[in-house]
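# Coordinates in review
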Amino acid sequence: MNKAEFQRSMASQGLVLSGGGARAAYQVGCLRQLSRSLPEYHPQILTGVSAGAINAVHLAANQGSWRDSVESLNVIWRSLSTSQVYETGLGQLLKRSMHWGLRLASGGKLGTMDIRGMVDNRPLEQFLIANLANNHGRIGGIADNLQAGVLQALAIISTSYADGRSVAWVESNTDKINMGSQVSATPTHISIQHIMASAALPLFFPAVSIDGQWHGDGGVRLAAPLSPAMHLGAKRILAVSPRAQPLHLPPTATNQSYPSPAQVAGVMLNAIFLDLLDYDAIQMERINGLLANLPEAHWGAYSPVDVMVLRPQEDLGHVARDHEIEMPKAFRFFKGGFAGKDDPSADALSMVNFEPEYIGRLIDLGEQDTAERIDEITAFLRGSSEFISAQGESGLYQPE
């Protein structure tokens, strides 16, 4: 398609940004390289989960060009530090640890009745207000972009602790939104509270109350991460996951010590927040393949949706180990009792380390990985025959 046709296709192009805490900085690098190589790319359907919700909201609210929006997001992430996300002082960490210990050791008779997270993340709320909010926590710019036609819909996902369902908080030009049976769609004006809820890592960050209901990280129960973008009308989806492909990782040592709590937590967090995107993409591949072999008259309510997943070539958990020394001293002290010295990766740490050097490294990796695949990505976004012939009739990127 030519440039004009490509720009018109933006109304049905979706961008899905998954979670992963600090790993979401990798998404910024991918988008930064893409905005330089393909400046006319400006997807109008955006969805975000957890830290990916921060990126999605910023892009939906910014009223400059797409490249300016991405560059502004890059500046925000590079200005971040761990102390701007959660309290890292020794006193705060000791107090919360003692409350947890007392509650467990006394069978719930001692300690604070409602321990709200392992850390206090009010600094993150203040950081978001300073960089995103406009009026009483409501995000400015989203409504203007919807009215101007440069944005079709924004959805960020949280998990309701009341019933365990995923909730999609949607700001769009329509109030009639159906997300299927697994996700409850709620039209709203996106606010800081919605972002804080979507990014509330279980146990680590406190849950957030919205309309009298407590909500946590949106990745906990979102079995189909591509579904919200599809239900909002996306026909071509670019998804950015900060999870490296397991098949491309170097082999691990055969003689390992017993897994530490941090290693187990890292595997669980990957399973909750990152692995489901791969499964959903594989399911989409199968559906597209079935539709390709059926007459269009028999498709019913289904239609093909092309998906490409961008991901790091290097395990970000390994990268996090190289930057562990940059973490605040008090946090490293407690982490020493939680993790083992011989852990092959630091997946859990990679999600909560917001120090500038580590964040900058993730952004750089995103740029490098995207630059290496830019021809393939461009062909996919343009729907060119070269991409379709290379990937199969479904036009779906193989996530494997």
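Structure: above.
Under the counting rule described, the total for this entry stands at nine salt bridges. A salt bridge links Glu71 to Arg32, with the shortest nitrogen-to-oxygen separation between them at 2.9 Å. With Glu71 in helix α4 (residues 66-78) and Arg32 in helix α2 (residues 25-37), this residue pair connects regions lying 39 residues apart in the sequence. Look at Glu71 and you get partly exposed, because its relative accessible area is 23%. Among the residues examined, Arg32 registers a relative accessible area of 17% and is labelled buried. Close ionic contact of Glu314 with Arg361 constitutes a salt bridge, the shortest N to O distance being 3.8 Å. Here Glu314, found in the loop between β11 (306-310) and α12 (316-322), pairs with Arg361, found in helix α15 (residues 356-372); they are 47 residues apart in sequence, far enough to count as distant. By relative accessible area, which is 30% here, Arg361 ends up partly exposed.

This part covers the nonpolar core. Of all hydrophobic cores here, the largest spans 75 residues; its most connected members are Leu15, Tyr41, Trp77 and Ile142. The element contributing the most residues to this core is helix α3 (residues 51-61), with eight residues. Leave out the neighbours within four places in its chain, and Tyr41 touches Phe6, Met10, Gln13, Gly14, Leu15, Leu34, Trp66, Leu238 and Leu381.

Before going further, it helps to examine the pairing of strand β6 (residues 166-172). Counting buried residues in β6 gives seven out of seven residues, a clear majority hidden from the surface. Residues Ser166, Ala168, Val170 and Ser172 of β6 are buried on one face, and the alternating residues Val167, Trp169 and Glu171, pointing to the opposite face, are buried as well. Bridge count between strand β5 (residues 153-160) and β6: seven bridges; the pairing is antiparallel. Across the sheet, Ala155 pairs through a bridge with Val170, a residue of β6. What sits between β5 and β6 in their antiparallel hairpin is a turn of five residues, with Gly164 showing a positive phi close to 75°. As paired strands, β6 and strand β7 (residues 183-187) are joined by five bridges and run parallel to one another. If you follow Val167 over to β7, its bridge partner there is Ser184.

Attention now goes to the pairing of strand β10 (residues 236-240). Put simply, side chains in a regular strand alternate between the two faces of the sheet. Of all five residues making up β10, five are buried, and the element is well covered by its neighbours. Covered by surrounding structure in β10 are Arg236, Leu238 and Val240 together with Ile237 and Ala239, the residues of both alternating faces. Pairing between strand β1 (residues 13-17) and β10: five bridges, direction parallel. Within β10, the residue paired with Val16 across the bridge is Ala239. Note: β10 against β11, five bridges, orientation parallel. By the bridge assignment for β11, Val240 is matched with Leu310.

Look at α4 against α15: their axes get within 9 Å of each other, and the N-to-C directions meet at 150°. Considered as vectors, α4 and α15 are oriented roughly antiparallel to each other. Along the contact surface, α4 presents Asn74, Trp77 and Arg78, while α15 presents Pro356, Ile359, Gly360, Ile363, Asp364 and Glu367. Of the residues assigned to the contact of α4 with α15, the class counts are four nonpolar, two polar and three charged.

On to α15. Think of an α-helix as turning once every 3.6 residues; residues three or four places apart then point the same way. Helix length check: α15 (17 residues) gives 24 Å between terminal C-alpha atoms against 24 Å at 1.5 Å per residue, within 8%. Burial in α15 covers these residues: Tyr358, Ile359, Gly360, Leu362, Ile363, Leu365, Gly366, Glu367, Asp369 and Thr370. Structurally, α15 contributes buried residues whose contacts are with α2, α4, β11, α12, α14 (347-352) and α16 (374-382).

The subject of this paragraph is the environment of Ile54. Relative to the helices and strands, Ile54 resides in helix α3. A residue is classified by how much of its surface remains accessible, and Ile54, at 14% relative accessible area, is buried. As a C-alpha pair, Ile54 and Ala24 span 30 residues in sequence and 8.9 Å in three-dimensional space. Those residues in contact with Ile54, other than ones at most four positions away along the chain, are Leu128 and Ile195.

The next subject is the packing of α3 against α4. When two helices pack together, you describe them by how their axes are tilted relative to each other and by the distance separating the axes. Contact pair α3 / α4: the axes reach a minimum separation of 9 Å and the direction vectors enclose 140°. Regarding the angle of α3 to α4, the classification is oblique. Here the hand of the crossing between α3 and α4 comes out right-handed. Here Asn55, His58 and Leu59 of α3 lie close against α4, whose contacting residues are Trp66, Ser69, Val70, Ser72, Leu73, Ile76 and Trp77. Residue classes in the contact of α3 with α4 are distributed as six nonpolar, four polar and no charged.

Rules used in this analysis
Residues numbered from 1 in each chain as written. Predicted model: local features only at pLDDT ≥ 70, side-chain atom pairs only at ≥ 80, totals over all residues. Heavy atoms only, no water. Salt bridge = Lys/Arg side-chain N within 4 Å of Asp/Glu carboxyl O. Helix = DSSP H or I, 4+ residues; strand = E, 2+ residues; numbered from the N terminus. Buried < 20%, exposed > 50% of the residue type's maximum accessible area, 1.4 Å probe, protein only. Core = buried A, V, L, I, M, F, W, Y, C linked by side-chain atoms within 4.5 Å. Contact = heavy atoms within 4.5 Å. Pairing = 2+ DSSP bridges. Axes fitted to C-alpha atoms, helices over the stretch in contact; angles between N-to-C directions. Parallel < 35°, antiparallel > 145°, perpendicular 65-115°, else oblique. Nonpolar A, V, L, I, M, F, W, Y, C, P; charged D, E, K, R; others polar. Expected span 1.5 Å × (residues − 1). Left-handed = near helix turned anticlockwise from the far one by under 90°.

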